[in-house]
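As a plain string of letters, each chain reads:
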Amino acid sequence: MPVVSHEVHPLFAEPYFRANIGGSITAEQIKFIQGLKMVNNMENLISENLYIFQEPELKSIGDAVQEVLDIYARDVLCIPQKLYVTQSWSLICKPGIGMHGHSHSNSILSGSLYYAPLPSPPSGMVFTRHVSYQQIDLPPAAEKRNVFNTPITRVIPKQNDVILFSSRLTHLVEQNQSDAPRHSIAFNTFVRGKLGNYRAVTELAL
Ligand SMILES: [Fe+2]
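Residues numbered from 1 in each chain as written. Predicted model: local features only at pLDDT ≥ 70, side-chain atom pairs only at ≥ 80, totals over all residues.

This paragraph deals with the overall build of the protein. The helix and strand tally for the protein stands at two helices and 13 strands. Along the longest, intermediate and shortest principal axes, the C-alpha atoms of the protein span 65 × 55 × 30 Å. By the burial criterion, 24% of the 206 residues in the protein qualify as buried. (Helix = DSSP H or I, 4+ residues; strand = E, 2+ residues; numbered from the N terminus. Buried ≥ 20, exposed ≤ 12 C-beta atoms within 10 Å, placed from the backbone.)

Structure representation (structure tokens):
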């Protein structure tokens, strides 16, 4: 055997983050969110209000999401700047409906919050590694997928989960295979604080 040994190591890794904020969501808030006016959004329904965390009725949820963002900035990104929610909206995927692949512009991290009971079977959020057409497509067999070679990663949400992911990642929502609507909230974020360096003329105060 000419190969005496071999190793594989990660160069970089792409996280998604999951936090449970069940203690901050009340039955009244679920009712409030589900009572918001919804409008058509190609496939699914989206709230007309696109800043729902600014509603006083949802303050405890907005505060909990801010805490999740603070943990992510401190423990995952390890940055001194602060992440904050920009737009926030609610979504409904009716039975048979999913959401095509997309990513979120003008945002650093995006998140989903599964504030209400999820239908069964739960439709997953699917993240795709490639963001553009692949002329050469060499996926491994499904049972051989690992973090180095998988073209997709499927995330199954649970009620009360906040899921955070990089806004540039392409993701889709699987078709709702149940006979009940799938409720969620989505939000975008940006960063506040000082970036760069004064002497290097890269300073940016946000
Ligand atoms: Fe999205």
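Text resumes after the structure shown.
Turning next to the sheet that holds strand β5 (residues 99-102). In spatial order, the strands read β5-β10-β7-β8; together these four strands make up an open sheet with antiparallel pairing. Strands at the two margins of the open sheet, each flanked by one partner only, are β5 and β8 (152-155). Across the sheet, the axes of successive neighbouring strands diverge by a mean angle of 15°, strand direction being ignored. Sheet topology note: the β5/strand β10 (residues 170-173) ladder contains two bridges and is antiparallel. Opposite histidine 102, over in β10, you have histidine 171 as the bridge partner. (Pairing = 2+ DSSP bridges. Axes fitted to C-alpha atoms, helices over the stretch in contact; angles between N-to-C directions.)

Within the largest apolar cluster, 33 residues are counted, with the highest numbers of intra-cluster contacts made by Phe53, Val65, Val68, Tyr72, Tyr115, Leu164 and Ile185. If you list the elements that add at least two residues to this core, you get α2 (59-77), β4 (82-93), β6 (109-113), β7 (125-128), β9 (161-166) and β11 (182-192). With seven residues, the single largest contributor to this core is α2. Once residues lying within four places of it in the same chain are set aside, the contact partners of leucine 164 are Tyr16, Phe17, Val68, Tyr72, Leu109 and Gly111. (Core = buried A, V, L, I, M, F, W, Y, C linked by C-beta atoms within 7 Å. Contact = placed C-beta atoms within 7 Å.)

Between its first and last C-alpha, α2 extends 25 Å over 19 residues, near the 27 Å set by a 1.5 Å rise per residue. The elements touched by buried residues of α2 are β1 (17-20), α1 (27-34), β4, β6, β9 and β11. Looking one or two residues beyond α2, the residue adopting positive phi is cysteine 78, at roughly 55°. (Expected span 1.5 Å × (residues − 1).)

With respect to the helices and strands, phenylalanine 127 occurs in strand β7. Since 20 C-beta atoms lie within 10 Å of it, phenylalanine 127 is described here as buried. Taking C-alpha positions, phenylalanine 127 is 9.8 Å from tyrosine 16, a pair spaced 111 residues apart along the chain. If near-sequence neighbours (up to four positions away) are discounted, phenylalanine 127 is found in contact with Ile152, Thr153, Val155, Phe165, Leu169 and His171.

Take the sheet that holds β4 next. One open sheet accounts for seven strands, arranged β1-β9-β6-β11-β4-β3-β2; its pairing is antiparallel. Each edge of the sheet is formed by a strand with only one pairing partner; in this case those strands are β1 and β2 (38-41). Strand-to-strand, the axes of this sheet are offset by a mean angle of 30°, without reference to chain direction. Against the sheet, α2 makes contact with β1, β4, β6, β9 and β11, and its axis sits at roughly 125° relative to β4, the strand it touches most.

Of the consecutive residues serine 120 and proline 121, the connecting peptide bond is found in the cis state with omega at 0°. Although it is not a glycine, asparagine 106 sits at a positive phi angle of roughly 55°. Within the secondary structure layout, asparagine 106 lies in the loop between β5 and β6. In this structure, valine 201 takes a positive phi of about 45° despite not being glycine.

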